[in-house]
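Tertiary structure, described
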Amino acid sequence: MDCYCGSKKAYIDCCEIAHKNNGTTETAEQLMRSRYSAFVLANGDYLMETHHTSTRPIKEKKAIVKWAKSVQWIKLEVVSTSKGQPNDTEGAVTFNAFFYENGKVDVIHEKSAFVKENNQWKYLGLSN
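Residues numbered from 1 in each chain as written. Predicted model: local features only at pLDDT ≥ 70, side-chain atom pairs only at ≥ 80, totals over all residues. Heavy atoms only, no water.

1. Focus: the pattern of salt bridges
Two side chains with opposite charge may pair up if their charged atoms get near one another. Under the definition given, this model contains five salt bridges. For Asp-45, the salt bridge identified is with Lys-61, shortest N-O distance 2.2 Å. Separated by 16 residues along the polypeptide, Asp-45 in helix α3 (residues 44-49) and Lys-61 in helix α4 (residues 61-70) bring together distant segments of the chain. The exposure class of Lys-61 is partly exposed, given its relative accessible area of 28%. The partner of Lys-83 in a salt bridge is Glu-90, with the nearest N and O atoms 3.7 Å apart. (Salt bridge = Lys/Arg side-chain N within 4 Å of Asp/Glu carboxyl O. Helix = DSSP H or I, 4+ residues; strand = E, 2+ residues; numbered from the N terminus. Buried < 20%, exposed > 50% of the residue type's maximum accessible area, 1.4 Å probe, protein only.)

2. Focus on the side chain of Ser-34
In this fold, Ser-34 is placed in helix α2 (residues 28-40). Residue Ser-34 is classed as buried on the basis of its relative accessible area, which comes to 1%. A distance of 2.6 Å separates a polar atom in the side chain of Ser-34 from a polar atom in the side chain of Tyr-46. The contacts of Ser-34, once residues within four sequence positions are left out, are Cys-15, Ala-18, His-19 and Tyr-46. (Polar contact = N/O pair within 3.5 Å; in protein donor to acceptor, adjacent residues only side chain to side chain. Contact = heavy atoms within 4.5 Å.)

3. A word on the side chain of His-19
Mapped onto the secondary structure, His-19 falls in helix α1 (residues 15-20). Given a relative accessible area of 14%, His-19 falls into the buried group. Here Tyr-11 takes part through its side chain, which lies 2.8 Å from a polar atom of the side chain of His-19. What His-19 contacts, discounting residues up to four positions off in sequence, is Tyr-11, Ser-34, Ser-37, Ala-38, Leu-41 and Tyr-46.

4. Some remarks on empty space enclosed by the protein
Counted by the stated rule, this structure contains one cavity of 30 Å³ or more. In this structure, the largest cavity encloses a volume near 40 Å³. Looking at the largest cavity, the residues that line it are Thr-27, Ala-28, Glu-29, Thr-81, Ser-82, Lys-83, Gly-84, Gln-85, Ala-92 and Val-93. Those elements that place two or more of their residues in the lining of the largest cavity are α2, β1 (72-83) and β2 (90-101). Top contributing element to the lining of the largest cavity by residue count: β1, with three residues. Per-class residue counts for the lining of the largest cavity are three nonpolar, five polar and two charged. (1 Å grid on protein atoms, 1.4 Å probe; cavity = no way out; pocket = protein on both sides within 12 Å on 5 of 7 lines; lining within 4 Å. Points joined across faces, edges and corners; volume = space filled by probe spheres on them. Nonpolar A, V, L, I, M, F, W, Y, C, P; charged D, E, K, R; others polar.)

5. What about the environment of Phe-95?
Counting through the fold element by element, Phe-95 comes out in strand β2. Using a relative accessible area of 9% as the deciding quantity, one classes Phe-95 as buried. Not counting chain neighbours up to four residues away, the residues in contact with Phe-95 comprise Met-32, Leu-76, Glu-77, Val-78, Val-79, Ile-108, His-109, Glu-110 and Ser-112.

Written out as structure tokens, the structure reads:
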């Protein structure tokens, strides 16, 4: 099965690796892609684990999972990346996540900020 993140790789050779290894990825983009796949799978534990501790929305976990299950995910489109490489400590990824909800297609357009915490990429939140 192709990976949900649109990498053209099989899920088992792509995001599943990160899902089984607590979000260990080499780049910020890989983490962002694995988080998109976690939304598709409504994997709230992974979404919390890969969210930086300073901004982690623990109290919103159930609502996030409920919403992720309520929509039909269509595709992920990576628009651009800035830094976020293995030797960087921060990076940003701009993306479009398309989904179907309430009879219409909608899109989340976001520039996400990522930082390394304990030498592991974490989602920090929206980037400026």
